[in-house]
Amino acid sequence: MTAPIRIMLIDDEKVDLMLYRRLFVQWSEEVETVVFSYAFEALEYLKDQTNAPVDAILLDINLPRMSGFEFLDELDFVFHKNVWPDLFVLSTSMDPRDRLRGLAHEKVRGFIEKPLTGEKLQEIIGVLAQD
């Protein structure tokens, strides 16, 4: 049996998180989710070497206390030259500058417009399977 894919979800919308988790379970039992409402909490999780690593991060950019963009900047200090998880920005923003800013980060693999659907999830899993 192969290890499950571990995906970190960072979104302050509780309803969205619930729907996304349900979507992951429906898609595959081989997907585990690690869920955070605040980016700074997710950052602390990633800094703790005793926590299991994640394969991918789905990151909302409009978050309280620490934005998704600030989170991306801080990740450089967490991973340094270590293996990075695949990063996907997940947002309702229609501002093309947000898309460009998200994709400008060298580790971001995609910018996904909310809501996350089964089709979009398949695209993400496809990217993960290529690694």
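Up top is the structure.
Residues numbered from 1 in each chain as written. Predicted model: local features only at pLDDT ≥ 70, side-chain atom pairs only at ≥ 80, totals over all residues. Heavy atoms only, no water.

Judged by side-chain charge, E70, D73, D76 and E106 come together as a negatively charged surface patch. Looking at where E70 falls in the secondary structure, it is placed in helix α3 (residues 68-79). Looking at E70, the relative accessible area reads 41%, which means it is partly exposed. (Patch = residues over 30% accessible without salt bridge, like charges linked within 9 Å, V, L, I, M, F, W, Y side chains within 5 Å. Areas by Shrake-Rupley, 256 points an atom, 1.4 Å probe, with all protein chains shown as cover. Salt bridge = Lys/Arg side-chain N within 4 Å of Asp/Glu carboxyl O. Lys, Arg positive; Asp, Glu negative; His and termini not counted. Charge placed at Lys NZ, Arg CZ, Asp CG, Glu CD. Helix = DSSP H or I, 4+ residues; strand = E, 2+ residues; numbered from the N terminus. Buried < 20%, exposed > 50% of the residue type's maximum accessible area, 1.4 Å probe, protein only.)

The next point concerns the packing of helix α2 (residues 39-47) against α3. Direction vectors running N to C along α2 and α3 enclose 10 degrees, while the axes themselves pass 10 Å from each other. Viewed along their axes, α2 and α3 adopt a mutual orientation that is roughly parallel. Across the interface between the two elements, A39, A42, L43, L46 and K47 of α2 pack against F71, E74, L75, V78 and F79 of α3. Looking at the contact of α2 with α3 residue by residue, the class counts come to eight nonpolar, no polar and two charged. (Axes fitted to C-alpha atoms, helices over the stretch in contact; angles between N-to-C directions. Parallel < 35°, antiparallel > 145°, perpendicular 65-115°, else oblique. Contact = heavy atoms within 4.5 Å. Nonpolar A, V, L, I, M, F, W, Y, C, P; charged D, E, K, R; others polar.)

Turning next to the pattern of salt bridges. Following the criterion strictly, the structure yields eight salt bridges and no others. Across the salt bridge formed by D11 and K114, the nearest N and O atoms sit 2.6 Å from each other. With D11 in the loop between β1 (5-10) and α1 (14-27) and K114 in the loop between β5 (108-113) and α5 (118-130), the pair connects residues that are 103 residues apart, well separated along the chain. K114 gets classed as buried once you look at its relative accessible area, which sits at 15%. Ionic pairing is found between R99 and E113, a salt bridge with its closest N-O pair at 3.1 Å. On the criterion of sequence distance, the pair formed by R99 in helix α4 (residues 96-104) and E113 in strand β5 is long-range, its members being 14 residues apart.

The alternating pattern of strand β3 (residues 56-59) places A56 and L58 on one face and I57 and L59 on the opposite face, and all of these are buried. The sheet contact formed by β1 and β3 spans four bridges and is parallel. Bridge assignment links L9 to a residue of β3, and that residue is L58. Bridging between β3 and strand β4 (residues 86-91) involves four bridges; their strand directions are parallel. When the sheet's bridge partners are listed, L59 is paired in β4 with V89. (Pairing = 2+ DSSP bridges.)

Negative phi values dominate among residues other than glycine, just as trans dominates among peptide bonds. For the peptide bond that leads from K114 to P115, omega is 5 degrees, which places it in the cis range. Relative to the helices and strands, P115 is located in the loop between β5 and α5. Its identity as a non-glycine residue notwithstanding, R65 has a phi of 70 degrees, on the positive side. Relative to the assigned elements, R65 resides in the loop between β3 and α3. Exposure remark for R65: the relative accessible area of 66% places this residue in the exposed category.

What follows concerns the side chain of D11. Since its relative accessible area comes to 2%, D11 is described here as buried. A polar side-chain atom of D11 sits 2.9 Å from the main-chain amide nitrogen of E13. Those residues in contact with D11 that sit more than four places away from it in its chain are D16, L17, Y20, F36, S37, D60, L63 and K114. (Polar contact = N/O pair within 3.5 Å; in protein donor to acceptor, adjacent residues only side chain to side chain.)

Pairing within the open sheet is parallel, and its five strands lie in the order β2-β1-β3-β4-β5. Across the chains shown, the open sheet's two edge strands, defined by having one partner strand only, are β2 (31-36) and β5. Mean inter-strand twist for the sheet, computed between neighbouring axes without regard to direction, equals 20 degrees. Against the sheet, α3 makes contact with β1, β3, β4 and β5, and its axis sits at roughly 150 degrees relative to β3, the strand it touches most.

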